[in-house]
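Listed below are the residues making up each chain.
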Amino acid sequence: MLYFGGLFGVVMLCVTIFAVVDVVTTDEGSVRNLPKLWWLLLVLFFPVVGSIAWLVAGRPVGTGRARTGAFERGAATYPEYDRPGRFAAANADDDQEFLRRCRERAEEQRRKGRENQ
């Protein structure tokens, strides 16, 4: 792994390890130019060139907040909803159905709690 020896070799080893971890932890939809599996293979089989290529051409652009997916909230109404990946109903009827089931379950739990006292 230490192709050129010395400090440069240690730096390239660190860059390669960072690139492998970064490829593995990056979301599939954020990867640029190649599929995630191809980037991983490139970094593993050609550590120096693959790592540099990943950092230049494969890594997602920007370090800001990731783009929201199909079921994520676009604009948060409350700060606790700022977490990425939080589910939001895409259809208002689905949301109403979920709330109805929650109310029914809560009523059932209250009824069981009254019976046990």
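The structure this text deals with has already been given above.
Residues numbered from 1 in each chain as written. Predicted model: local features only at pLDDT ≥ 70, side-chain atom pairs only at ≥ 80, totals over all residues. Heavy atoms only, no water.

Observations regarding helix H3 (residues 47-58)
Phase 1: Between its first and last C-alpha atoms H3 spans 14 Å; for 12 residues at 1.5 Å apiece the expected length is 16 Å, and the helix comes up short by more than 12%.
Phase 2: Lining the buried residues of H3 we find helix H1 (6-25) and helix H2 (36-45). (Helix = DSSP H or I, 4+ residues; strand = E, 2+ residues; numbered from the N terminus. Expected span 1.5 Å × (residues − 1). Contact = heavy atoms within 4.5 Å.)

Details of the packing of H1 against H2
Phase 1: Close contact between H1 and H2 brings their axes to 10 Å; oriented N to C, the two are set at 165°. Here H1 lies roughly antiparallel to H2, going by the angle between them. Between H1 and H2 lies a crossing whose hand is left-handed. Between H1 and H2, the contacting residues are Thr16, Ala19, Val20, Val23 and Val24 on the first element and Lys36, Trp39, Leu40, Val43 and Leu44 on the second.
Phase 2: When grouped by side-chain class, the residues that make up the contact of H1 with H2 number eight nonpolar, one polar and one charged. (Axes fitted to C-alpha atoms, helices over the stretch in contact; angles between N-to-C directions. Parallel < 35°, antiparallel > 145°, perpendicular 65-115°, else oblique. Left-handed = near helix turned anticlockwise from the far one by under 90°. Nonpolar A, V, L, I, M, F, W, Y, C, P; charged D, E, K, R; others polar.)

Let's talk about a nonpolar patch on the surface
Phase 1: A contiguous nonpolar patch, built from Leu34, Leu37, Trp38, Leu41, Leu44, Phe45, Phe46 and Val49 and spanning about 870 Å² of accessible area, is present on the exposed surface.
Phase 2: Looking at the nonpolar patch, the element that brings in the most residues is H2, giving five residues.
Phase 3: Relative to the elements of secondary structure, Phe46 occurs in the loop between H2 and H3.
Phase 4: A relative accessible area of 51% places Phe46 in the exposed class. (Patch = residues over 30% accessible without salt bridge, like charges linked within 9 Å, V, L, I, M, F, W, Y side chains within 5 Å. Areas by Shrake-Rupley, 256 points an atom, 1.4 Å probe, with all protein chains shown as cover. Salt bridge = Lys/Arg side-chain N within 4 Å of Asp/Glu carboxyl O. Buried < 20%, exposed > 50% of the residue type's maximum accessible area, 1.4 Å probe, protein only.)

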